Number of protein chains: 2
Amino acid sequence: MSLKHAILTLLETEESSGYDLLKQFQSRLGYFWNASHQQIYAQLKSMHSEQLIDFHVEAQANKPDKKVYTLTQAGRDALSEWVQQPLKLGKVNDALLVKLYAGHLADKDQLLEEMTNYRDNHQRMLNTFLAIEEEYKNSSAKEKKNLALPYLTLRRGIIGEQACLDWADEVIDFLHS
Amino acid sequence: MSLKHAILTLLETEESSGYDLLKQFQSRLGYFWNASHQQIYAQLKSMHSEQLIDFHVEAQANKPDKKVYTLTQAGRDALSEWVQQPLKLGKVNDALLVKLYAGHLADKDQLLEEMTNYRDNHQRMLNTFLAIEEEYKNSSAKEKKNLALPYLTLRRGIIGEQACLDWADEVIDFLHS
DNA sequence: CAGCATTATGCAATTTGTTGCATATCAAGT
DNA sequence: ACTTGATATGCAACAAATTGCATAATGCTG
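All residue numbers refer to positions counted from 1 along the written sequence of the respective chain. Here chains are named by letter from A upward and ligands by number from 1 upward, in the order in which they appear as written. Reporting of local features is limited, given that this is a predicted model, to residues whose pLDDT is at least 70; pairs of side-chain atoms are given and counted only at 80 or more, and all residues count toward the totals for whole chains, interfaces and linings. Excluding hydrogens and water, the side-chain values take into account all heavy atoms of the structure.

Below, the discussion takes up the domain arrangement of chain A. One widely used convention gives an interface's size as the accessible area the parts lose upon coming together. Residues and elements named next belong to chain A. Start and end points for every domain follow an automatic or database-based domain assignment. The domain boundaries assigned to chain A delineate domain 1 (3-84) and domain 2 (95-176). Summed over both partners, buried area is the accessible surface (1.4 Å probe) that two parts give up on being assembled. Across the domain 1 to domain 2 interface the summed buried area is about 490 Å²; carbon plus sulfur atoms make up 74%. Any Lys or Arg side-chain nitrogen located within 4 Å of an Asp or Glu carboxyl oxygen qualifies as a salt bridge. Applying the counting criterion to the domain 1 and domain 2 interface returns 0 salt bridges. The nonpolar class holds Ala, Val, Leu, Ile, Met, Phe, Trp, Tyr, Cys and Pro. Asp, Glu, Lys and Arg form the charged class, and all remaining residues, Gly among them, are polar. Looking at the side of domain 1 that touches domain 2, its residues break down into 2 nonpolar, 2 polar and 1 charged.

This is the structure:
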């Protein structure tokens, strides 16, 4: 049940609507968490009923109203308690690897297409992350200090995506041979 | 619903019991799939009711009996159909990154412990994978050809674990400074 | 021989996540 | 005017995963 904690973490930095959270998970935080809008709205509802978060409705010019959520004290407490608990190891479930393992059942062109598609996706993510890294590098010393930990999570994204690309190149090379 | 396909893939290579599958997911296939024993046994049951797999009970000396599952023709068909379908992008849910993002709420020593623990785990995985790679490299040309695709999935493990270690070192360096 | 780990299997309750559907506002293009 | 796309929210049915419990045989260690 860690979507809860991912949301608490984001709200701790800044108040957001469900839609804001969705967009963050889809873009710059895509590396460490993914969730659908249905999941997010449902989670926000249940967190509100647990009084971990509060909201107010904000009217916007040129856009529909939104519900902006903020942490309550209980929410802050729950987050800091969670941060102090040790984690168990994360699960890996990578369907592409399963598919490649069973790849003799598909034809080479299909695998190649899947792999180049995979490579393109990760290249796109890497570019996004590198752009954010540039922003960070150009920020003031004070900002850098404040953002040091988020920056390290970004580094995970960059290093991980680079690894994806290196591997994809190996596989594509093999499939071409 | 891809545990199903992961299991079909493994059974396509060799017949196995639920426990065998569990052990594979925990060790050499840990990189690409994880599942609990409850999940595996339940999945096998449902796949058997769908007639994708068959089993026979095998008595063992010095160990409890086991149910050894094999693919049926329908199972083979389902697998090769799945391999031919394009995948959607995998989800990432990395609680360690969430925690690091919110790391200012924990104390440095705790984060350090979490990170060194993470590093150790991934070092252990990397060592396992490297040992398997050695085996592969020492196998015959014929074997190498047969195992080419599984070997590429192993490479994903190696490259990915190395990336984990590189990143962990960056973070640990930072936390020490 | 008592206690613990490993092998081997499973059920039931609950929590999470997915899929499909539904609604509504506003901007921009055709 | 009409359609498409982005913003913004949500419900309901279903599938999948987690957690807790339960059983049973065997091997090993003290």
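Back to the text.
Turning our attention to the UniProt feature "domain: Transcription regulator PadR N-terminal" (unreviewed entry) in chain A. What UniProt calls "domain: Transcription regulator PadR N-terminal" (unreviewed entry) maps, in this numbering, to residues 7-80 of chain A. The helix count covers DSSP runs of H or I at least four residues long, the strand count covers runs of E at least two residues long, and both are numbered beginning at the N terminus. In residues 7-80 of chain A, helix accounts for 50% and strand for 23%; the two terminal C-alpha atoms are 13 Å from one another. UniProt positions are given in the numbering used here, feature names are shortened, and annotations may be inferred rather than shown by experiment.

A word on the state of the cysteines. Formally, a disulfide is one covalent bond, and it connects the sulfur atom of one cysteine to the sulfur atom of another. Counting rule for disulfides: a pair of cysteine sulfur atoms within 2.5 Å. Here the structure, examined in full by the defined rule, presents 0 disulfides over all chains. Cysteine cysteine 164 of chain A remains unbridged, with the sulfur of cysteine 164 of chain B as its closest cysteine sulfur at 11 Å.

Here we take up the protein's contact with DNA strand D. By convention in these notes, a residue is near a molecule or strand provided one of its non-hydrogen atoms lies within 4 Å of it. Neighbouring DNA strand D are 21 residues, the closest being Tyr19, Gln60 and Lys67 of chain A together with Met1 and Gln39 of chain B. Counting only atoms of DNA strand D within 4 Å of the protein, the sugar-phosphate share comes to 71%. Each polar contact in these results corresponds to two N or O atoms within 3.5 Å; when the atoms are within protein, one needs to be able to donate a hydrogen and the other to accept it, and residues that are neighboring in sequence are counted only if both atoms are side-chain atoms. Between DNA strand D and tyrosine 19 of chain A, the relevant distance is 2.8 Å, taken from a phosphate oxygen to a side-chain nitrogen or oxygen of the residue. Elements with a contribution of two residues or more to the surface near DNA strand D: α2 (18-26), α3 (37-49) and β2 (63-71) of chain A together with α3 (37-49) of chain B. For the surface near DNA strand D, the element with the most residues is β2 of chain A, which contributes 5 residues. Residue classes in the surface near DNA strand D are distributed as 5 nonpolar, 8 polar and 8 charged.

Here we take up the interface of chain B and chain A. Residue contacts are counted whenever heavy atoms from the two residues lie within 4.5 Å of one another. Across the boundary between the two partners, chain B contributes 59 residues, which contact 59 residues of chain A. Interface area, chain B with chain A, both sides summed: about 5800 Å², of which 69% is carbon and sulfur. On the chain B side of the interface with chain A, the three residues burying the most area are Tyr101, Leu149 and Arg156 of chain B, jointly 13% of the side's total. For the pair chain B and chain A, the number of links is 2 salt bridges. Between arginine 155 of chain B and glutamate 170 of chain A there is a salt bridge whose closest N-O contact spans 2.6 Å. Looking at the side of chain B that touches chain A, the element that brings in the most residues is helix α8 (residues 148-176) of chain B, giving 14 residues. Looking at the side of chain B that touches chain A residue by residue, the classes come out as 33 nonpolar, 17 polar and 9 charged.

Formed by 106 residues in total, the largest nonpolar core has its most connected members in Phe25 of chain A together with Phe25 of chain B. Setting aside chain neighbours within four positions, we find phenylalanine 25 of chain B in contact with Leu3, Ala6, Ile7, Leu10, Gly30, Trp33, Asn34, Ala35 and Ile40 of chain B. What is meant by a nonpolar core is a set of buried Ala, Val, Leu, Ile, Met, Phe, Trp, Tyr and Cys residues, joined one to another through side-chain atoms within 4.5 Å. The buried label applies to any residue whose accessible area, calculated with a 1.4 Å probe on protein chains only, is under 20% of its type's maximum; exposed applies above 50%, and partly exposed to all values in between.

Neighbouring residues of DNA strand C: 21 residues in total, closest Met1 and Gln39 of chain A together with Tyr19, Gln60 and Lys67 of chain B. One of the side-chain N or O atoms of lysine 45 of chain B is found 3.1 Å from a phosphate oxygen in DNA strand C. At 3.0 Å, a side-chain N or O of lysine 88 of chain B approaches a phosphate oxygen of DNA strand C. Those elements that place two or more of their residues in the surface near DNA strand C are α3 of chain A together with α2 (18-26), α3 and β2 (63-71) of chain B. The dominant element in the surface near DNA strand C, judged by the number of residues it contributes, is β2 of chain B, at 5 residues. Of the residues assigned to the surface near DNA strand C, the class counts are 5 nonpolar, 8 polar and 8 charged.

Once that is clear, we can look at the relation of the copies chain B and chain A. Taken as rigid bodies, chain B and chain A are interconverted by a rotation of 180° and an axial shift of 0.0 Å, the fit giving an RMSD of 0.1 Å. Each copy turns onto its partner about a two-fold axis. Rotation axis and chain B: the residue whose C-alpha lies nearest the axis is alanine 163 of chain B, separated from it by 3.2 Å. A share of 100% of interface residues in chain B that are also interface residues in chain A marks the association as one of identical surfaces. Superposing copies: least-squares fit, C-alpha atoms only, residues required to have pLDDT of at least 70 in both.

Our next topic: the environment of alanine 42 of chain A. Mapped onto the fold, alanine 42 of chain A is located in helix α3. Looking at alanine 42 of chain A, the relative accessible area reads 46%, which means it is partly exposed.

This model, assessed by the stated rule, comprises 14 salt bridges over all chains. Close ionic contact of glutamate 114 of chain B with lysine 99 of chain B constitutes a salt bridge, the shortest N to O distance being 2.4 Å. Of this pair, glutamate 114 of chain B sits in helix α6 (residues 108-137) while lysine 99 of chain B sits in helix α5 (residues 95-101), and the two are 15 residues apart along the sequence. Overall, lysine 99 of chain B belongs to the buried group, its relative accessible area being 2%. Here the salt bridges do not stand alone but share partners, grouping Glu133, Lys137 and Arg155 of chain A together with Glu170 of chain B into one network.

A separate point is the packing of helix α8 (residues 148-176) of chain A against α8 of chain B. One can describe the packing of α8 of chain A onto α8 of chain B by two numbers: an axis separation of 9 Å at closest approach and a directional angle of 160°. As far as their axial angle goes, α8 of chain B and α8 of chain A are roughly antiparallel. Crossing of α8 of chain A over α8 of chain B shows right-handed handedness. Here α8 of chain A contributes Ala148, Leu149, Leu152, Arg155, Arg156, Ile159, Ala163, Cys164, Trp167, Glu170, Val171 and Phe174 of chain A to the contact with α8 of chain B, which in turn contributes Ala148, Leu149, Leu152, Arg155, Arg156, Ile159, Ala163, Cys164, Trp167, Glu170, Val171 and Phe174 of chain B. Of the residues belonging to the contact of α8 of chain A with α8 of chain B, the class tally is 18 nonpolar, no polar and 6 charged. Only C-alpha atoms enter the line fits that serve as axes; for helices the fit covers just the stretch in contact. Angles between N-to-C directions range over 0 to 180 degrees. Angular relationships are summarised with four words: roughly parallel below 35 degrees, roughly antiparallel beyond 145, roughly perpendicular across 65 to 115, and oblique for the angles in between. We call a crossing left-handed when the near helix sits turned anticlockwise from the far one by less than a right angle, and right-handed when that turn is clockwise.

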